[in-house]
Amino acid sequence: MPMASALAFASAFTLTMQFLIFVYLYSFHRERFFHYLLMAWGLMSLAKGLYLARAFVPDLEVLSALINATFFVATLLVLAGGLAFRTDYRTGLRDVLIGVLGGVAAAGIGDLSDGSVAARSFVGMPTRSVVGVITGGILIAAGWQFWPRRAQTLGYRGPRFLAVALTLWGLHRMVSPLINGGPGTAPYMMMHAAFMVFYFLCTFAIIIVVLDRARSETATLKEFNERLVDGLGEGLQLVDSDFRVRHANRWMHAQLGATSDRRCYEVVGHTHPCPGCPLERRQEMGEAERIEVAGGNGRRFSLSCAPVRQPDGQVFLLELVTDVTERERLQARLTEAERLAAAGELAASVAHEIRNPLAAIVNATTLLGVEETLTGEERAHTLGVVKKEARRLNRILSDFLIFARPREPKRLVGDIREIIDHVAALIREDPDRAHDVELSVRVEPAVPSFPFDADQITQVVWNIALNGVEAMDGYGQLSIAVSLSDVQVAIAISDTGRGIPAEERRRVFEPFYSRKPAGTGLGLTIARRIVAAHGGRIEIESTPGRGACFTILLPLGGQDDDGDHSRRR
């Protein structure tokens, strides 16, 4: 292979390898200036490939035109890269047109390796010299764009190196046409070697610039992350597979002391791994898991743990540590304050409810104190008032004691039909309240026996059914329907009474709230508490003027106090 062809092959191969290196770097650092330089190096590699092809096919004239056009556009792209580096320049339609026209003009010059073409006069200078001055000037202008400004904060070594390399390359392009020598001669070899040196310098300089910018961005991102992590009002630590703390933020050091070379459970005051620690199963973890652990000096911590997979295949655990000690203390104080407020409100309500019957009793005893002025009928009426108010007072106090000291339900497996039949019989046997009430009872055959406290559930059903009867003033239709709903037994008690307005529906379960003149306002409150103790709930549906429906939902599962399902005898 001739020396010129061997040099062309080596140049083309080297430029292609460097272009591939740029392609790899660009996949990680997609800066606009690097994008233009990547295209420039690609075109230069293509130009060298075309130059090598021309050595084997010298008669193909189009190759010379393509070489000139490709190299000229490549130099323009180097300038675009410099402008983008300095001013965030972006090519537009006008720039593309200039590049196309310049490429067409360069393609029309002809083969500059031909002495006759190179010696043609253009503006008083040989064509080859004119082309060298233009392309060299473009490279020098590009190098000047990469020279760092005083206000630039990026490291100066890479851009300065690239600016100098491009300037030397540009000077080489200007001087090389002045040196005569054909392929294989000493001047030709010297100039070709100088081209390869300057090209390599530019390549290395670009790599340094890209790495410097990437390093600067990484440092900026690292500083941002450190400030963000340290600025958290909570702790953050990274734990490896041996429970060692790899990294901890400033909060951890301030609150729990030094964490270096310590295990995570030692940091929070334990001698063994925390209960429920997910470190051993971190490989299978998906979403973050939260655990609470007790620390030293009565402190409590909430840990939110999430897996962090490393490039080498290891899985660390990222733990967000929150000191919930004070929060729990505040919550306990708030709960205590709410309890005291509720007790005070309850005491005021009890005092209000007791005051009326006591006032009536005091008035009656005052009248009885002047017995000589009372007739026998008046005396009997007064004694009747005392008895009535005393019974009312006893009922208020009895309901209050039930409300204040609820009995734990004794669940025994039984048939809810017996409860419904018993309550229905009580209603039918009370003509004073339900003289014109039409009672409808329906129990689905699929409803099985299940554990419940018979006395308490009877009290709940009777209380709600009696409220329905009283809401209808003794006239209307009362319906009790028992059905099976998933894993619950639903007891729906419906009436055709006045209904409950929406604003009152929210208060029907409040203690001492009642729309009945003689009601204590504790019946529904006690009913809801009993149902809740069974693990169920009470739902209300009502339309004013069209009645109301109370649905008691009781779970089929349940256990008695001994933990087994015993049969009621």
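Owing to the predicted nature of the structure, the values given are computational and were not obtained by experimental measurement.

Draft legend 1. Spatial organisation of the overall build of the chain. In terms of helices and strands, the chain carries 17 helices and 14 strands. Put simply, 64% of the contacts in the chain that link residues at least 6 apart link residues at least 24 apart. Of the accessible surface of the chain, which amounts to about 31,500 Å², a share of 58% is contributed by carbon and sulfur atoms.

Draft legend 2. Seen up close, the pattern of salt bridges. Per the counting criterion, the structure on display carries eleven salt bridges. One salt bridge connects glutamate 289 with arginine 281, and the closest N-O pair in it is separated by 2.8 Å. The exposure class of arginine 281 is partly exposed, given its relative accessible area of 36%. One salt bridge in this structure joins glutamate 539 and arginine 537, with 3.0 Å as the shortest N-O distance. Take glutamate 539: its relative accessible area is 35%, and that puts it in the partly exposed class. The class for arginine 537 is partly exposed, based on a relative accessible area of 42%.

Draft legend 3. Representation of helix α3 (residues 61–87) in the model. An ideal rise of 1.5 Å per residue puts 39 Å on 27 residues; α3 measures up with 40 Å between its terminal C-alpha atoms. When you tally the buried positions in α3, you get 19 out of 27 residues, the bulk of the element. Downstream of α3 by one or two residues, aspartate 88 has phi in the positive range, about 60°.

Draft legend 4. Structural context of the nonpolar core. Counting residues in each nonpolar core, the largest one holds 39 residues, and the members touching the most others are Ile416, Ile464, Leu478, Ile491, Ile493, Phe550 and Ile552. A per-element tally of this core places helix α15 (residues 454–471) first, with seven residues. Apart from residues lying up to four places away in sequence, isoleucine 493 is in contact with Val461, Ile464, Ala465, Leu478, Ser479, Ile480, Ala548, Cys549, Phe550 and Ile552. Among the nonpolar cores identified, the runner-up in size contains 38 residues, and Ala40, Trp169, Met196 and Ala205 belong to it.

Draft legend 5. Structural view of the sheet that holds strand β7 (residues 315–323). Reading across the sheet, the five strands line up as β4-β3-β7-β6-β5 and stay open at both edges, with antiparallel pairing between neighbours. With one partner strand each, in any of the chains shown, β4 (245–248) and β5 (289–294) form the two edges of the open sheet. Strand after strand, the sheet turns through a mean of 25° between neighbouring axes, direction not considered. As defined by bridge partners, β5 adjoins strand β6 (residues 300–309) across six bridges and the pair is classed as antiparallel. Residue pairing across strands places valine 293 opposite phenylalanine 301, the latter belonging to β6.

The rules behind each value
Along each chain, residue indices are assigned from 1 in the same order as the chain's sequence is written. Local features in this predicted model are restricted to residues whose pLDDT is 70 or higher, and side-chain atom pairs enter the listing and the counts only when it is 80 or higher, whereas totals over whole chains, interfaces and linings include all residues. Side-chain metrics in this entry use all non-hydrogen atoms of the structure; hydrogen atoms and water are not considered. Numbering of helices and strands runs from the N terminus, with a helix taken as a DSSP run of H or I at least four residues long and a strand as a DSSP run of E at least two residues long. Note on contacts: a residue pair qualifies if any of its non-hydrogen atoms lie within 4.5 Å across the two residues. Residue-level accessible areas treat just the shown protein chains as cover; the underlying method is Shrake-Rupley with a 1.4 Å probe. The term salt bridge refers to a side-chain nitrogen of Lys or Arg lying within 4 Å of a carboxyl oxygen of Asp or Glu. The cut-offs for exposure are 20% and 50% of the maximum accessible area for each residue type, with area from a 1.4 Å probe on protein chains only; residues under the lower value are buried, those over the upper are exposed, and the others partly exposed. One less than the number of residues in a helix, times 1.5 Å, gives the span that helix is expected to have. To qualify as a nonpolar core, a set must consist of buried Ala, Val, Leu, Ile, Met, Phe, Trp, Tyr and Cys residues joined through side-chain atoms within 4.5 Å. What makes two strands pair is DSSP finding at least two bridges between them. Working convention: axes come from line fits to C-alpha atoms, limited for helices to the stretch in contact. Angles between N-to-C directions cover 0 to 180 degrees.

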